[in-house]
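# Residue-level structural notes
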Amino acid sequence: MPIIVNLDVMMAKRKTSLNELSEKVDLTLSNLSILKTGKAKAIRFSTLNAICKALDCQPGDILEYVDNRE
């Protein structure tokens, strides 16, 4: 998939655990884990907004487009 999720990188930069982020964004650990591992098929803007607010970052810090047509 050409969209890469860098949530784990931002969490490491902010020294935030999965449990802490889960509490801050009011998302279950399992759903947050699915997003963190890049297995999610979609993300709601409200969830992305909450994550960006909790981690003090931009959506582009979490989501990255990679062209894999080569």
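All figures in this text were calculated on a predicted structure; none of them were measured in a lab. (Residues numbered from 1 in each chain as written. Predicted model: local features only at pLDDT ≥ 70, side-chain atom pairs only at ≥ 80, totals over all residues. Heavy atoms only, no water.)

### Considerations on the UniProt feature "domain: HTH cro/C1-type" (unreviewed entry) in the protein chain
Under the UniProt annotation, the feature "domain: HTH cro/C1-type" (unreviewed entry) is placed at residues 17-62. Along residues 17-62, the helical share is 67% and the strand share 0%, with 15 Å between the first and last C-alpha atoms. (UniProt positions renumbered as here; feature names shortened; annotations may be inferred. Helix = DSSP H or I, 4+ residues; strand = E, 2+ residues; numbered from the N terminus.)

### Section: the packing of helix H2 (residues 18-25) against helix H3 (residues 29-36)
Here H2 crosses H3 at 115°, and the two axes come no closer than 10 Å. Here H3 runs roughly perpendicular to H2, going by the angle between their axes. Handedness of the crossing formed by H2 with H3: right-handed. Across from Leu18, Asn19, Leu21 and Ser22 in H2, the residues of H3 making contact are Leu29, Leu32, Ser33 and Lys36. Split into classes, the residues belonging to the contact of H2 with H3 amount to four nonpolar, three polar and one charged. (Axes fitted to C-alpha atoms, helices over the stretch in contact; angles between N-to-C directions. Parallel < 35°, antiparallel > 145°, perpendicular 65-115°, else oblique. Left-handed = near helix turned anticlockwise from the far one by under 90°. Contact = heavy atoms within 4.5 Å. Nonpolar A, V, L, I, M, F, W, Y, C, P; charged D, E, K, R; others polar.)

### Looking at the side chain of Ser22
Residue position: Ser22 is located in helix H2. Excluding its chain neighbours within four sequence positions, the residues that come into contact with Ser22 are Leu27, Thr28, Leu29 and Leu32.

### Remarks on the nonpolar core
Within the largest apolar cluster, 14 residues are counted, with the highest numbers of intra-cluster contacts made by Leu7, Leu21, Ile51, Leu55, Cys57 and Ile62. Residue assignment for this core shows that the elements contributing at least two residues are helix H1 (7-13), H2, H3 and helix H4 (45-55). A per-element tally of this core places H4 first, with four residues. Those residues in contact with Leu55 that sit more than four places away from it in its chain are Leu7, Met10, Met11, Arg14, Thr16 and Leu21. (Core = buried A, V, L, I, M, F, W, Y, C linked by side-chain atoms within 4.5 Å. Buried < 20%, exposed > 50% of the residue type's maximum accessible area, 1.4 Å probe, protein only.)

### Things to note about the packing of H2 against H4
For the pair H2 and H4, the least separation of the axes is 9 Å and the interaxial angle reads 120°. On the basis of their axis angle, the class for H2 and H4 is oblique. As H2 packs across H4, the resulting crossing turns out to be right-handed. Touching Leu21, Lys24 and Val25 of H2 are Ala50, Ile51, Ala54 and Leu55, all from H4. When its residues are assigned to classes, the contact of H2 with H4 shows six nonpolar, no polar and one charged.

### Some details on unusual backbone geometry
Even without being a glycine, Asp26 presents a positive backbone phi close to 55°. Structurally, Asp26 can be placed in the loop between H2 and H3. Even without a glycine there, the phi angle at Asp56 is positive, about 50°. One can find Asp56 in the loop between H4 and helix H5 (59-62).

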